[in-house]
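For reference, the chains in residue letters:
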Amino acid sequence: MTDLATRLEAVVGPKGLRRDAEVDLLDPGWHPENLRARLLVAPASTEDVAEVVRIAAEVGAALVPQGGRTGLVGGTRTCEDQIVLSTHRLDRILRLDPNERVAVVEAGVTLEALQTAAAAYGLEPGIDIAARGSATIGGMVSTNAGGILAFRNGVMRHRVLGLEAILPDGSRLGDLTRIVKNNTGYDVKQLLIGAEGTLGFVTRIAVRLDPMPRTRVTALFGLPSTAAALDLLRQALGDGRLDLRAAEVMWADFARATAAANGISDSAIDLSHPVQLLLEAGGPAEAPLTEAFEDLYAALIEEGLEIGGVIAHSERQRDEIWRLREDTGAIYRLYPAAPSYDVSIPATEIDGWLARFAADLAAYDPTLGFFSFGHLGDGNLHVILKRPGPLPEGEETAIDDIVYGDIGRLGGAFSAEHGIGSKRRAALATHADPGKLALVRLLKASLDPKGIMNPGKVVSTP
Ligand SMILES: Cc1cc2nc3c(=O)[nH]c(=O)nc-3n(C[C@H](O)[C@H](O)[C@H](O)COP(=O)(O)OP(=O)(O)OC[C@H]3O[C@@H](n4cnc5c(N)ncnc54)[C@H](O)[C@@H]3O)c2cc1C
């Protein structure tokens, strides 16, 4: 390792290399094993990345790409003999053109940095996640991140116009176009999007930008059931006055736990209802949006439903509503490393799936409760069990079967936006379509025959 470190330091310079105790000084992020590696290399240019990867390929050293280390499926876990390949020195916004409405960034730029730079021109990247302060564009490309705006703008894949990456043999894939239409043969950059660092290292990305609305109005509706939440969402989506930008759902236990953690009292927001639906809309002026939300509220009352509601009238109140939804850390403080799931269910199946899941889980273990919340607009539900993790192996498989058993038949996905990483490898082997899995293995073996890029994640090179 010492010889290898010296060779790598010659490429990236002393600022680009950390060993042993210097690695321990860094924040490991969202998985405790992210920084078990004793060597971290941070190149500052595409050329240096290529040289680092060539050297690693030559000696067969394993590289684990890392951005903000906010990934939730153990995609950045390392062992002592692996090398972290970090993007933290690839942090420049190279181009941001308001006429093209495109930004070209290095992979280590955080989402928040891009949002701030784009906002100066009244633009936004059209994708948003709660980890925005640390998550990098390279990490979001590699996990094909989804988030809050996905139901209207698509996932990261749909925001990427061009991409540059270094492949596992050190060669460069250059496809950094800044246009929407590009049918110049196979769209191979798509292979790198959602590959979780197993097929190459993303160095630069061209991201499309959209105009930001002048104003936003946020409302929280307390509702009697999941069916009522789906019905309200359908009405809001069909209301021509509302350009919806968020449709986030929280079931009661989740909202009460995040409220308690944030000191939000019942008198500030009524959380007595079984389901809370957070809707946010954008537009040129506040008054028509507020009026549209008030009309939806009045219509529900007229139907005879028992509901609650608040429309945020200040930035402070808006922040409070969003903290209810985004402070998932509060749940993990209650149940450290709690087992969690991230599934996609078609809209018409959500209510039935939740009822079936709750009944099967209770039959398996009546003492085991769960928190649930998610992005209702695209059917992406997050479930966190009310117990600290990890689960013993046999129990993990049994609960995986309860969560995922009918998802394929319903037309959903057993991993919606977080990916496979190391955490969902067993689920991939059991629940993925065999034809798809065979092709995934073939691609991995062809592009990374030595298995140096993020080994042990998604699939392995045979
Ligand atoms: C509070 C919180 C909220 C979240 N909300 C959402 C959400 O709403 N939607 C969502 O989709 N995700 C969400 N996530 C998950 C996470 O933020 C995303 O997966 C994000 O895309 C990861 O970015 P990162 O820079 O932290 O990547 P990392 O965690 O560093 O890496 C993630 C994966 O990408 C690979 N990788 C990183 N950079 C590169 C690169 N340059 N080239 C190749 N591979 C690379 C890594 O090897 C790893 O497999 C959330 C996480 C947290 C902690």
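### Considering the site of the ligand
Part 1 of the reasoning: Taken together, 38 residues lie around the ligand, and Gly67, Gly71, Gly75, Gly139 and Gly197 are the ones closest in.
Part 2 of the reasoning: Those elements that provide at least two residues to the shell around the ligand are strand 3 (63–66), helix 5 (137–143) and strand 10 (201–208).
Part 3 of the reasoning: Ranked by residue count, the leading element in the shell around the ligand is helix 5, at five residues.

### Section: the domain arrangement of the chain
Part 1 of the reasoning: Domain annotation of the chain identifies domain 1 (2–86), domain 2 (93–211), domain 3 (215–327) and domain 4 (336–424).
Part 2 of the reasoning: Each of domain 1 and domain 2 was reduced to a C-alpha centroid, and the two centroids are 22 Å apart.
Part 3 of the reasoning: Counting residues at the interface gives 14 residues for domain 1 and 22 residues for domain 2.
Part 4 of the reasoning: Breaking the side of domain 1 that touches domain 2 down by element, the ones donating at least two residues are helix 3 (46–59) and strand 3.
Part 5 of the reasoning: The leading source of residues in the side of domain 1 that touches domain 2 is helix 3, at six residues.
Part 6 of the reasoning: Residue classes in the side of domain 1 that touches domain 2 are distributed as seven nonpolar, six polar and one charged.

### A few points about the environment of Pro14
Part 1 of the reasoning: Inspection of the secondary structure puts Pro14 in the loop between helix 1 (2–12) and strand 1 (17–19).
Part 2 of the reasoning: Separated by 27 residues in the primary sequence, Pro14 and Val41 have C-alpha atoms spaced 9.7 Å apart.

### A look at helix 14 (residues 350–364)
Part 1 of the reasoning: For helix 14, built from 15 residues, the straight-helix expectation of 21 Å at 1.5 Å per residue is met to within 8% by its first-to-last C-alpha distance of 21 Å.
Part 2 of the reasoning: Tucked into the core, helix 14 has its buried residues touching helix 9 (226–238), helix 15 (393–404) and helix 16 (407–410).

### Side note on the sheet that holds strand 3
Part 1 of the reasoning: The strand order across the open sheet built from four strands is 1-2-4-3, with neighbouring strands paired in mixed fashion. The sheet is open, and its two edges are formed by strand 1 and strand 3, each paired on a single side. Sheet twist, expressed as the average angle between the axes of neighbouring strands with direction ignored, equals 25°.
Part 2 of the reasoning: In the sheet, strand 1 pairs with strand 2 (residues 39–41) via three bridges, with the strands oriented antiparallel. In the sheet register, Arg18 faces strand 2, and the bridge partner there is Leu40.
Part 3 of the reasoning: Where helix 1 meets the sheet, it contacts strand 1 and strand 2, and its direction lies at approximately 150° from that of strand 1.

What counts, and where the lines are drawn
- Residues numbered from 1 in each chain as written.
- Predicted model: local features only at pLDDT ≥ 70, side-chain atom pairs only at ≥ 80, totals over all residues.
- Near = placed C-beta within 6 Å.
- Helix = DSSP H or I, 4+ residues; strand = E, 2+ residues; numbered from the N terminus.
- Domains from an automatic or database assignment.
- Contact = placed C-beta atoms within 7 Å.
- Nonpolar A, V, L, I, M, F, W, Y, C, P; charged D, E, K, R; others polar.
- Expected span 1.5 Å × (residues − 1).
- Pairing = 2+ DSSP bridges.
- Axes fitted to C-alpha atoms, helices over the stretch in contact; angles between N-to-C directions.

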